[in-house]
Amino acid sequence: MERHNCPNCGAPISSTQCPYCGTVFYDFTVMDFDKPTYIQIHHNGQYIVFRALARSMNVNMRPDEYDYYADNSVYEQISSRAMDVTIDFSVLPDDEGVLVKRKDISNEIREG
Ligand SMILES: [Zn+2]
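Residues numbered from 1 in each chain as written. Predicted model: local features only at pLDDT ≥ 70, side-chain atom pairs only at ≥ 80, totals over all residues.

1. Some thoughts on the overall build of the protein chain
Turning to step 1, where the next piece is worked out: Along the protein chain, the regular secondary structure elements total 1 helix and 6 strands.
Turning to step 2, where the next piece is worked out: Across the protein chain, helices and strands are ordered from the amino to the carboxyl terminus as β-β-β-β-β-β-α.
Turning to step 3, where the next piece is worked out: Across the 112 residues in the protein chain, those meeting the buried criterion constitute 2%.
Turning to step 4, where the next piece is worked out: A fraction of 39% describes how many contacts in the protein chain between residues 6 or more apart in sequence connect residues 24 or more apart. (Helix = DSSP H or I, 4+ residues; strand = E, 2+ residues; numbered from the N terminus. Buried ≥ 20, exposed ≤ 12 C-beta atoms within 10 Å, placed from the backbone. Contact = placed C-beta atoms within 7 Å.)

See the structure below:
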């Protein structure tokens, strides 16, 4: 991942989690909707990893306030009290035919 600034505290970060404030940052702009991606999630005490293809993304923003300021130029400021983003994935088997790989986290902690 490219180096960027934490959207929460502004600190420079180079991973998906800010080492200063702990904010997790997912950059979906790197995702190609035509190519499968791998996703890891924490589910029922395990890490599970699967290959997935994004089917669709839906952004639903309900703006409820428009303010116009006219000085030298006109700016439109939109504030919204509600916004939903939904990304649907189809889970695909990997090249070995495996649909999901899982790892028990408690074993990892004992061995580590
Ligand atoms: Zn931060």
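Next comes the rest of the description.
2. Looking at unusual backbone geometry
Turning to step 1, where the next piece is worked out: In the Ramachandran plot, Asn-44 falls in the positive-phi region, its phi being about 50° despite a non-glycine side chain.
Turning to step 2, where the next piece is worked out: Structurally, Asn-44 is set in the loop between β3 (37–43) and β4 (46–70).
Turning to step 3, where the next piece is worked out: Residue classification places Asn-44 among the exposed residues on the basis of 7 C-beta atoms within 10 Å.

3. Some remarks on the environment of Val-100
Turning to step 1, where the next piece is worked out: Turning to its location among the elements, Val-100 is positioned in strand β6 (residues 100–104).
Turning to step 2, where the next piece is worked out: Sequence separation of Val-100 and Val-49 is 51 residues, and the distance between their C-alpha atoms is 5.8 Å.
Turning to step 3, where the next piece is worked out: Apart from residues lying up to four places away in sequence, Val-100 is in contact with Ile-48 and Phe-50.

4. Some remarks on the environment of Ala-11
Turning to step 1, where the next piece is worked out: Within the secondary structure, Ala-11 sits in the loop between β1 (4–5) and β2 (12–13).
Turning to step 2, where the next piece is worked out: Setting aside anything within four residues of it in sequence, one finds Ala-11 in contact with Asn-5, Cys-6, Cys-18 and Tyr-20.

5. Side note on the confidence of the model for the protein chain
Turning to step 1, where the next piece is worked out: Taken over all residues, the pLDDT of the protein chain has a mean of 81, while the share at 70 or more is 76%.
Turning to step 2, where the next piece is worked out: In the model of the protein chain, helix α1 (residues 105–111) stands out as the element of lowest mean pLDDT, 63, in contrast to β3, which has the highest, 91. (pLDDT = per-residue confidence, 0-100.)

6. Remarks on the environment of Met-83
Turning to step 1, where the next piece is worked out: Within the secondary structure, Met-83 sits in strand β5 (residues 74–92).
Turning to step 2, where the next piece is worked out: Expressed as a C-alpha distance, the spacing of Met-83 and Val-59, which sit 24 residues apart in the sequence, is 7.4 Å.
Turning to step 3, where the next piece is worked out: Residues within four places of Met-83 in sequence aside, it is in contact with Asn-60 and Met-61.

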